[in-house]
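Tertiary structure, described
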Amino acid sequence: MAHPVLWRGKTFFYPIGNTSAVCLTQDLCPSEKADVLLLGCGDPRHILYTVYTNSTGSQASRKLDFTCCDLESAVIARNVILFTLLADEGAVQKVPQIWNIFFHFYLDKASHDLLISQCRKLLELSGDLDSWNSGPYGHFLRMCTSGTLVELQRLWQLYVKTATCSPSEAKVFESAYAADVKASKAKIEFVFTASRAAGPLSMYAFKMAGDHYDIYWETGMCSAVSKRPLEVSYPNPTLAYSMVGDKFAVHYGTDTLSCFHLAEALAPAAGTHHPEQVTLREIVNVCKTQFSRWCTSISNILDSQNPSSPSLLIIRCFVGDALSLCQALGYSRTTKSTSTPFPVAPWKIPCITFDPNAYGTSTQSPAPTTFNRTPSATLYTEGLASGGPEDPLAEQLCGDIATMGLLLGLIPACFVSQFTNRSNMHEHIVYLTQDATQKHDRLAWKLIGGAEKLLTDLDCPIDIAPEQLAGILFNIYLDMFSHENVVRRLAMVKQSKKMSGIIHYHRRSFVEILGVVKRRVITDWDSTMNMLHGKIQNDRTLMVGMNFYQDLCCQLHLLGVFDVDWLSLQKVQEVHRVERPFIFRDWKTLPQTLCVVLVVPRDCLQPLLPDLDETGTPVLQCDLKGVETHNTFSAINTIFGTITTSGQGDSKTAAIKEDATGRYGTSPLVVWFWVPSIVLVNERRLSVVLSVLSTSATCTLAKKRLDLSIFRADLGDEQFVHILRQRPNASPESPEEKNLHIGSRPMKTSGACTFVTLDEECKTPLSFTIRVDIVESEMKASLTGGATPIVNQVSMHSIAIVLGDKSLKFPFPLPVDAKNAKLRIARKSLYIEIVLPLKLVLGETDSDMFPVIPHGGDLALWNMYRVNLDQCIPFSIANKKALGWVNPHASLMMSDRERRIPRGLTTGSTLLDIKRSLHFIFGQASGLAEGKPPLGFALQANDESEIFVMFFITDLRLDVGSHTMVADAWVMPSSPSFEKVEAFSKMVGMGVEERKAWMPLLVAATERCRTWEHKTNCEYRMQSAIPLTLESDESPICSCGAGVGTESFVKKYPILQPLAPCVTRAVISPLFALSYIEKIGNLEDVIASNAPLTPVLATVVHNICAACGKGGASGSLSICSRCKVVRYCSQGCQREDWKGHKKSCVAPSS
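The name given to the protein chain in an unreviewed UniProt entry is MYND-type domain-containing protein, with the source organism recorded as Suillus subaureus.

Structure (C-alpha cells):
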C-alpha cells in the first residue's frame, strides 16, 4: 500500500458531506466530455450539483462519466439508493421522502416503506454483475468490481432485515439506536460548523447554524422545529451499519445544512430583507429547494435517456481504497488486464479485478482509466490546512511549491497567476470567531505549463543536474519523515506547537514519488540515486532513519526505481552459497526479496485493543530484531483471518481466508511484508515484531508498553512466521507486486529540454536554461554574420528569440523573465544558450495573466473557472444595511502586502491595479460607494483619448458554489464621445499596462459564461490571436456572442436597446489573494469598520473629472493641490468628492 497501515480504533461514519456542493466540470470546455474520478467521494452532493449546473446552455449535451470511490461501503450503498430512486417513475413527486431517507436519523412510515421497498428491489437485481448491468439501472449506474456489488448487497440485506425482525428484536434495535444517537452528539456547548455553508454571509449564520445543530441531533430531523412529530419514529437503517460496526456512529459534526448554499436565503433576490431577519425555517426551506432542483435535474436527464443508447450520465461505483484504485487503473491501462495485484483496501485480502464488460479490451465504450488529460484537465484537492506555518501548502507538499510542481508535472493554477476566483471568507470568519487551528482549502491543480498557448507537449521535459536533483529528493525525504526528527519535535513542544499524530507517509510513499520523478526528469538517474543513497546513509537528522534503510532499499527494488549494489541478484546468490541459515535449508535459490508473514494470535491481541483504540490512529509496522541489528518495515499488509500453508522451502505458499467480522471476530491478525533476503541471511537469531510507530500521539501507550510492541515471534517459529517467495493468495499466473515496473519506462519527450537550476540549498528553482540549435538558413547567416539575438517576452511562460527577420518561440513550465535573460552564443557551432530567471515574485505578474487556450476547436480557461450565470442567484441591493458583507468580501482581494502599497496612480503591480479597479467597480455597482449604481462603466487608460471598453451590470449575483459574488455584465468594446459617456457611465481610469491586462481579462470574462458556440469564421480562429488586440481602439473579443441572449440587458436598461446587438455577456468577479501563500488583511478590522468601497487613485485619468466623469482637455481641469494627481471640472465637484478622496490623498514624496 502507498499509505501506512493505521489501526482502526475510534472511527466515525460520514454519511453526508461537511462542505457545500461544488461543480466538478467548471474548468472544462462546454463541448468537452467529462470523465470525473471522485476519490473519497462521500455523499453525491457534488454529482447532483454538477448535473444541475450542466442542465442548461451549451453544456446540457455534455457527457458526464463519474467514477466514485469510497472506503466506506455504506456511503456507496446509500448513494446507489438515492440515484435509483431518482431513476424510477414519479421520482420528482417522491423527493420529500428521498430527502428524509438521505438526511434524517428517523423516518416516517411512508419514507421508511419507500426505503425498504427500494432495497428489496435492489437485492433482486444484484445477483451478479451481469444481472445488474442488464437491469433497469445498469445503463447509467455501474459497479467497477463484483466485490463492490457484493458489499452493497450485504448492506441492503441488513437494511431490509430491520423491517422483518421480531417485535422484541425491533425494540432492542430501536433502543440501542436511540442511545447511540444521544451518545454521538458533540459535547461542546455551541456547534456552528454549518455556518461555513453561507460563504461570504457566514457572519449572519452562526446562531442559526448552532440552533439547527441542536435541533438536528435532538430530533434527528433537518427542521426548524425542536420537537420530532410522533409519526417520525422509525430509525433510519442506512445510518445503523458502517465500517464502525452494527451501530449508529455518525460523526458528531454532521449537519445537513453543511451540504448546501445558505447564502441564497441570506441574500434574497428581491426586497429589503436584512440577513439578520432571515429565520431558520427559511434556511431549511432553501436547502430543501436546492436539493429538489438538483434531484429534478438528475431525474430529467435519466427520463430522457434510452437504455439502449449511450447514456449522457454514467455513475460508476467502487468500494475500496482511493490510492489502490488509482494504481489499479494505471496498471489496467498499461497491461490491458482487468486483474491487478493491488488490494481493494487496507485490512482486505482480495485484489482489485475490474468488470471486464466495462474495462475489458473488447468493450465498445470502455470505462475511463485516464481522466481528461487536456489543457482544461483539473485535479481538485480539498483539505484542512494548519493555520500555523507561514506556507502550509509547502509543508503539506514536503517541498517548495514550484519545485514540487516541476517534479510532479502539476501546479496549482492560482499559485502561478497569484489570484483565485474562489473565496474562503467563511474560513476567515470561523477562524476569527472560534479557537480554530485549521482552515478548509480547495485547490485546482493543472498540468504544469498548460497555460502556454504554444505548448503542444503537456509533458514538457525538464533536466536537472544529478547533484541538485539528489539534493531536492533528500530535502523531500527529510520533510516527509520529519516526525523522526527528534530535535524538531522538541523544538515544537517548546514553542507550544502541536504536531499531528497522524503519519501519511512511509518509505514506499517516498519511492512512489521517486518513480514519478524518474519518468519526468531527464538526468543521469544512476548518479542521482547513488548521491541520494549516500546522503540518506550519512544522515543523522532523522534519529531512527537508518532503521528503515532496508525497507527503503527493498521498495526501491520492488518498484524498479533503483537497485543498491548489495541487493543485486548476483550478490544475493553469492551470499546464499556461502551462508546457509537453517530457515533456508530447503531453498534451492534465493530471490532478492522475500515475503515475511507474521500470525498474531487473537488472545495476544485482544487485551491490547482498548489501549490501541484510545491512542487515536496509531501506525502499525514490523521490526526484524537481532542481537546487533534492528530493521523496521512500514509497508506492511494486515488482515484478520486464518492462514493455511502448503509446500516447503522456496515452493511454500500461503492462503488467507478473511474473517468478515474483522476485529470483532475470533481470527488471528495476519501481517505480511517484503524484505531484502540478505537481511534474513546475515543475522542468525532474528525475531519478527509487530509494533506501533512512535509519534506524539503514542505517549500514553508508551507508558504501558515501553517498546510499543504488540507481538513478537522467532523468525524460525513456523507456527507464527512464514517465509515465502510470493505474497499470500498469489497464484502462479497472478500479477505479482515484485514485477510492477510500469513506472520505470522513460517519458517520451519532444522539443527543447529545459534545464532547471536551483538555489544552493536545492529547494527553490532560480532559472531555466535552454540550448537552441540554429538550423534555419537565414538565421544561420545572421548568427555567423555577427548579429546579436534578441530575446522578447511573448507571454508569462514563453519567449521569442529573434535573429534578423526570423524568430523562434519557446514555452516554459513556469513564468520567466525575458528582460533579464543571459545569452551564450556559439557562432561557429550555431547554437544559443539562454538563461532565464523565473518570475514568481509576488506582485510581478504580466498582462497575459488570464490565458485562454485553443483546444480541440474550443477554448480552454486555465486559471478562471466557468460560470452558469443564469443559475447564479441575483441578490437585492435595495437595502444598503443588508450589504454589510460586501466590503469585507471584496477586501479579501488584497493581501497585507498589497494593502501596504501606496495608492498612487500606478502601483508597479498590474494585478494589484486590476484588483483596485474591481474593488471600485463592485463598490459602485452595489451602491455602497455613492448610493445609486451607475448605468455603466467606461474604462480608459491614462493619457489615451479612447475609451477601450464599456460594460453594463444588470445584476450582482451569488456564485454559491465558489462562495463569491459576481457581476452579470454586458461588454461593449467601444470608443464613444465623452458627451455620450457623461450621461450614463462611471469612468474607471488606469495605467497603460493595466489596460493591456484588461484585454485578455475581457476575453476570459466573456468565455467564462458563454452559452453560445464560436462560429466557423470566429475572429480568434481567423486571426490566430487571443485576445484579438492589445490596442485601445480595437475590440479584443470576438463577435460570436454579440447580441446573443440580450433580453435581460434590454429589460434592465430599455434606454440602451440600440446597443443590444453590440454587447456580449460577461462575468466579472473578484480576484482574491491566496491565503496559503501570504497573509491576508485583518478581516476583523474590516468587518468592524464596515468602511465603504471608495474609488482609489489608481483609477484616475488626467482628462476626466474624478467626481462626475466629465471629460475635457487636461488644461481645463483643476488639479488637487495636495496629491497633484486627481482633477476636477469645478470647485463643487471637488468639495463633493473630498469625503472619499481625503482617505487616499497623499502628497507626493520629494
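From this point on, the discussion continues.
Let's shift gears to the overall build of the protein chain. In terms of helices and strands, the protein chain carries 36 helices and 40 strands. Taking 32 Å as the expected radius of gyration for a compact globule of 1150 residues, we find that the protein chain reaches 32 Å, a close match to that expectation. In terms of overall dimensions, the protein chain has a C-alpha envelope of 105 × 90 × 65 Å along the principal axes. Taking the intrachain contacts of the protein chain between residues at least 6 apart in sequence as the baseline, contacts between residues at least 24 apart amount to 75%. Approximately 46,600 Å² of the protein chain is accessible, and the part contributed by carbon and sulfur atoms is 52%.

Let us look at unusual backbone geometry. Residues I1026 and P1027 are joined by a peptide bond in cis, for which omega reads -5 degrees. Position of P1027 relative to the elements: it lies in the loop between α33 (1019-1023) and α34 (1047-1052). Of note, Q418 is a non-glycine position whose phi angle comes to about 70 degrees, a positive value. By secondary structure assignment, the location of Q418 is in the loop between α15 (413-417) and α16 (425-433). At N729, a residue that is not glycine, the phi angle is positive and equals roughly 65 degrees.

Take the packing of helix α30 (residues 910-925) against helix α32 (residues 992-1008) next. A pair of packed helices can be characterised by two numbers: the angle between their axes and the separation between those axes. Two numbers describe how α30 lies on α32: the axes approach to 9 Å, and their chain directions differ by 75 degrees. Classed by the angle they form, the pair α30 and α32 counts as roughly perpendicular. Between α30, through T910, D913, I914, S917, L918 and I921, and α32, the contact on the second element is made entirely by E993, E994, A997, W998 and L1001. The class makeup of the residues in the contact of α30 with α32 is six nonpolar, two polar and three charged.

This next bit is on the sheet that holds strand β28 (residues 806-811). Taken in spatial order, the three strands of this open sheet run β26-β27-β28, and their pairing is antiparallel. Where the open sheet ends on each side, the last strands, each with one partner, are β26 (790-795) and β28. The sheet shows a mean angle of 25 degrees between the axes of neighbouring strands, direction not considered. In this structure, strand β27 (residues 798-803) lies alongside β28, joined through six bridges in antiparallel fashion. Opposite V802, over in β28, you have S807 as the bridge partner.

Attention now moves to the sheet that holds strand β18 (residues 636-646). Ordered in space as β19-β18-β20-β15-β23, the five strands form an open sheet in which the pairing is antiparallel. Of all the strands in the sheet, the pair left with one neighbour each is β19 (653-658) and β23 (721-724). This sheet shows a mean twist of 45 degrees between the axes of neighbouring strands, independent of strand direction. Examined bridge by bridge, β18 and strand β20 (residues 669-676) share five bridges and lie antiparallel to one another. Bridge assignment links N637 to a residue of β20, and that residue is W672. Packing against the sheet, helix α21 (residues 549-558) makes contact with β15 (593-600) and β20, and its axis sits at approximately 80 degrees to β20.

This paragraph deals with the environment of F920. As for its placement among the helices and strands, F920 is situated in helix α30. By relative accessible area, which is 2% here, F920 ends up buried. Separated by 30 residues in sequence, F920 and A890 place their C-alpha atoms 9.5 Å apart.

This part takes up a nonpolar patch on the surface. Together, V486, L490, M543 and V544 make up an exposed nonpolar region whose accessible area comes to about 350 Å². Structurally, the position occupied by L490 is in helix α18 (residues 486-494).

Counted according to the given criterion, the structure contains 43 aromatic pairs. Relative to F1049, the ring of F952 lies with its centre 5.8 Å away and its plane at 55 degrees, an arrangement referred to as tilted. Pair noted here: F952 is in strand β35 (residues 947-959) and F1049 is in helix α34, with a separation of 97 residues, a long-range link. The exposure class of F952 is buried, given its relative accessible area of 0%. On the accessibility criterion, F1049 (0% relative accessible area) is buried. By the ring-pair criterion, three or more aromatic residues cluster together here, those being Y49, Y52, W99, F102, F103, F260, F291 and W294. The ring of F102 has R78 sitting right over it, with the charged end atom 4.3 Å from the ring centre.

Once that is clear, we can look at the environment of T369. Checked against the element boundaries, T369 lands in the loop between α12 (356-359) and β10 (379-386). In the structure, T369 is positioned 39 residues away from G330 in sequence and 6.8 Å away in space, judged by C-alpha atoms. Residues contacting T369, with those up to four places away along its chain left out, are L329, R333 and Y359.

Here the focus is the side chain of N421. Considering the arrangement of structural elements, one finds N421 in the loop between α15 and α16. Given a relative accessible area of 2%, N421 falls into the buried group. A polar side-chain atom of N421 sits 3.1 Å from a polar atom in the side chain of S1069. In this structure the side chain of N421 is engaged in a polar contact, spanning 3.2 Å, whose partner is the backbone oxygen of P1070.

With that settled, the discussion passes to the pattern of salt bridges. Two side chains bearing opposite charge may form a pair once their charged atoms approach each other closely. Inspection of the entire model under this criterion finds 34 salt bridges. When the shortest N-O distance is used, the salt bridge between R771 and D773 registers 3.2 Å. Residue classification places D773 among the partly exposed positions, given a relative accessible area of 43%. With its nearest N and O atoms 2.8 Å apart, the salt bridge here joins R824 to E833.

With that settled, consider helix α8 (residues 206-219). For α8, built from 14 residues, the straight-helix expectation of 20 Å at 1.5 Å per residue is met to within 8% by its first-to-last C-alpha distance of 20 Å. Among the 14 residues of α8, 10 are classified as buried, and the element is accordingly described as predominantly covered. Buried residues of α8: F206, M208, A209, G210, H212, Y213, I215, Y216, W217 and T219, and no others. Just downstream of α8, G220 is the residue with a positive phi angle, here 75 degrees.

In an α-helix there are 3.6 residues to a turn, and that puts residues three or four apart on one side. Helix length check: helix α20 (residues 525-538) (14 residues) gives 20 Å between terminal C-alpha atoms against 20 Å at 1.5 Å per residue, within 8%. Taken as a whole, α20 has its buried residues at W525, T528, M529, L532, H533 and I536. The buried residues of α20 all sit within an arc of 130 degrees when viewed along its axis, so they share a single face.

In this section: the nonpolar core. Ranked by internal contacts, the top residues of the largest apolar core, which has 245 residues, are F66 and W998. Here this core gets 11 residues from one element, more than from any other, and that element is helix α10 (residues 280-303). Ignoring any residue separated from it by four or fewer positions in sequence, one finds W998 in contact with I914, S917, L918, I921, L939, F948, F951 and M990. Among the nonpolar cores identified, the runner-up in size contains 42 residues, and V5, V596, L612 and V671 belong to it.

By the bridge criterion, six bridges tie β18 to β19 in an arrangement that is antiparallel. By the bridge assignment for β19, G641 is matched with E658. Hairpin connection between β18 and β19: a loop of six residues separates the two successive antiparallel strands, and G647 in this loop has a positive phi of roughly 85 degrees.

So, about the confidence of the model for the protein chain. On average, residues of the protein chain score 88 in pLDDT, and 90% of them are at 70 or above. Confidence drops under a pLDDT of 50 for residues 741-750, and excluding neighbours within four residues, the segment shows 24 contacts in the predicted structure. Contacts of residues 1089-1102 to residues separated by more than four positions or lying in other chains number 54 contacts, the stretch itself having pLDDT below 50.

The rules behind the values
Residues numbered from 1 in each chain as written. Predicted model: local features only at pLDDT ≥ 70, side-chain atom pairs only at ≥ 80, totals over all residues. Heavy atoms only, no water. Helix = DSSP H or I, 4+ residues; strand = E, 2+ residues; numbered from the N terminus. Rg over C-alpha atoms; globule rule 2.2 N^0.38 Å. Contact = heavy atoms within 4.5 Å. Areas by Shrake-Rupley, 256 points an atom, 1.4 Å probe, with all protein chains shown as cover. Axes fitted to C-alpha atoms, helices over the stretch in contact; angles between N-to-C directions. Parallel < 35°, antiparallel > 145°, perpendicular 65-115°, else oblique. Nonpolar A, V, L, I, M, F, W, Y, C, P; charged D, E, K, R; others polar. Pairing = 2+ DSSP bridges. Buried < 20%, exposed > 50% of the residue type's maximum accessible area, 1.4 Å probe, protein only. Patch = residues over 30% accessible without salt bridge, like charges linked within 9 Å, V, L, I, M, F, W, Y side chains within 5 Å. Salt bridge = Lys/Arg side-chain N within 4 Å of Asp/Glu carboxyl O. Phe/Tyr/Trp six-rings, centres within 6.5 Å; stacked < 30°, edge-to-face > 60°. Lys NZ or Arg CZ within 6 Å of the ring centre and 35° of its normal. Polar contact = N/O pair within 3.5 Å; in protein donor to acceptor, adjacent residues only side chain to side chain. Expected span 1.5 Å × (residues − 1). Arc of directions from axis to C-beta. Core = buried A, V, L, I, M, F, W, Y, C linked by side-chain atoms within 4.5 Å. pLDDT = per-residue confidence, 0-100.

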